[in-house]
Amino acid sequence: AQSVTQLDSQVPVFEEAPVELRCNYSSSVSVYLFWYVQYPNQGLQLLLKYLSGSTLVKGINGFEAEFNKSQTSFHLRKPSVHISDTAEYFCAVVSYNFNKFYFGSGTKLNVKP
Amino acid sequence: KAGVTQTPRYLIKTRGQQVTLSCSPISGHRSVSWYQQTPGQGLQFLFEYFSETQRNKGNFPGRFSGRQFSNSRSEMNVSTLELGDSALYLCASSSGQGAYNSPLHFGNGTRLTVT
């Protein structure tokens, strides 16, 4: 089975500052990795995904993530955040050939002016 | 292309009642998954249906059940509601052909409040 750990439940940051949201996973098999974002009163929206190839993945809204197999991590980064990035971010893992996603507990990003 | 549609958006029920939630997936998607989201537990997987068959199941009591129709629309039912069932219930659809080909696409959820 797989599991996902998001170490920070809340991350406060000032506008235009850089941010990193941490995600570590555990799996005995190869996996695909995803980041989803949830704005208030909405469902989850796909931000980016790592399937194979380059370990640096770029997503929407200027976010990027780097897959590190040796450290089993998939941290999400943005060099300069905006107020509109205030949302909850979820990391997810799914093993090859299965359709069962395992989600982390989420990180609430609070961007302050 | 229309997204995943969940109805109703909000529900208020009394303890002991039952409730049915509906989910219409993206056209062409054959897999529908259900998740329960609460502040304390995060996103908890309920079950997944693919071509009218339950393919995966989470660790929820038998009070939680679901089904999928031939047009891929899905319903989730919760019987004998408890206060702890208050949550946001999210539905997600995909092609069902593996995450490589199709990640999950989520609806906006149904907010269930049990009083």
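See the structure printed just above.
Conventions and cut-offs
- Along each chain, numbering runs from 1 in the same order as the chain's sequence is written.
- Chain A is the first chain written and ligand 1 is the first ligand written, with later ones labelled in order.
- Per-residue local features of the predicted model are confined to residues with pLDDT of at least 70, and side-chain atom pairs are confined, for both listing and counting, to 80 or more; whole-chain, interface and lining totals are unaffected and use all residues.
- Calculation of side-chain values draws on the structure's entire complement of heavy atoms; hydrogens and water are dropped beforehand.
- The way it works is that DSSP assigns letters per residue, a run of H or I at least four long becomes a helix, a run of E at least two long becomes a strand, and they are numbered from the N terminus.
- Whether two residues are in contact is decided by their heavy atoms, any of which lying within 4.5 Å being enough.
- What qualifies as a polar contact is a pair of N or O atoms within 3.5 Å, subject to a donor-acceptor requirement within protein and to the restriction that residues adjacent in sequence count only when both atoms come from side chains.
- Pairing between strands requires that DSSP locate at least two bridges from one strand to the other.
- For helices, the axis comes from a line fit to the C-alpha atoms of the stretch in contact; other axes are also lines fit to C-alpha atoms, and the angle between any two N-to-C directions lies between 0 and 180 degrees.

Student: Can you tell me about the environment of Asn108 of chain B, naming the residues and giving the values?
Tutor: Assignment of secondary structure puts Asn108 of chain B in the loop between strand 10 (105-106) and strand 11 (110-114). In this structure, the C-alpha to C-alpha distance between Asn108 of chain B and Thr5 of chain B, residues 103 residues apart in sequence, is 7.4 Å. Among residues more than four places away in sequence, those in contact with Asn108 of chain B are Asn41, Gln42 and Gly43 of chain A together with Gln6, Arg9, Leu88 and Leu90 of chain B. Among the polar contacts made by the side chain of Asn108 of chain B, one reaches the main-chain amide nitrogen of Gly43 of chain A at a distance of 3.2 Å.

Student: Lay out the sheet that holds strand 7 (residues 64-68) of chain B with the relevant residues and their values.
Tutor: Sheets are built from strands that pair by backbone hydrogen bonding, the pairs being arranged parallel or antiparallel. All names here are of chain B. Reading across from one edge, 1-3-8-7 is the order of the four strands in this open sheet, with antiparallel pairing throughout. The sheet terminates laterally at strand 1 (5-7) and strand 7, the two strands that pair on one side only. When strand polarity is set aside, the average angle formed by the axes of neighbouring strands in this sheet is 20 degrees. Here strand 1 pairs with strand 3 (residues 19-24) via three bridges, running antiparallel. If you follow Thr7 over to strand 3, its bridge partner there is Ser22.

Fair warning: the whole summary comes from geometry, so function is off the table for now.
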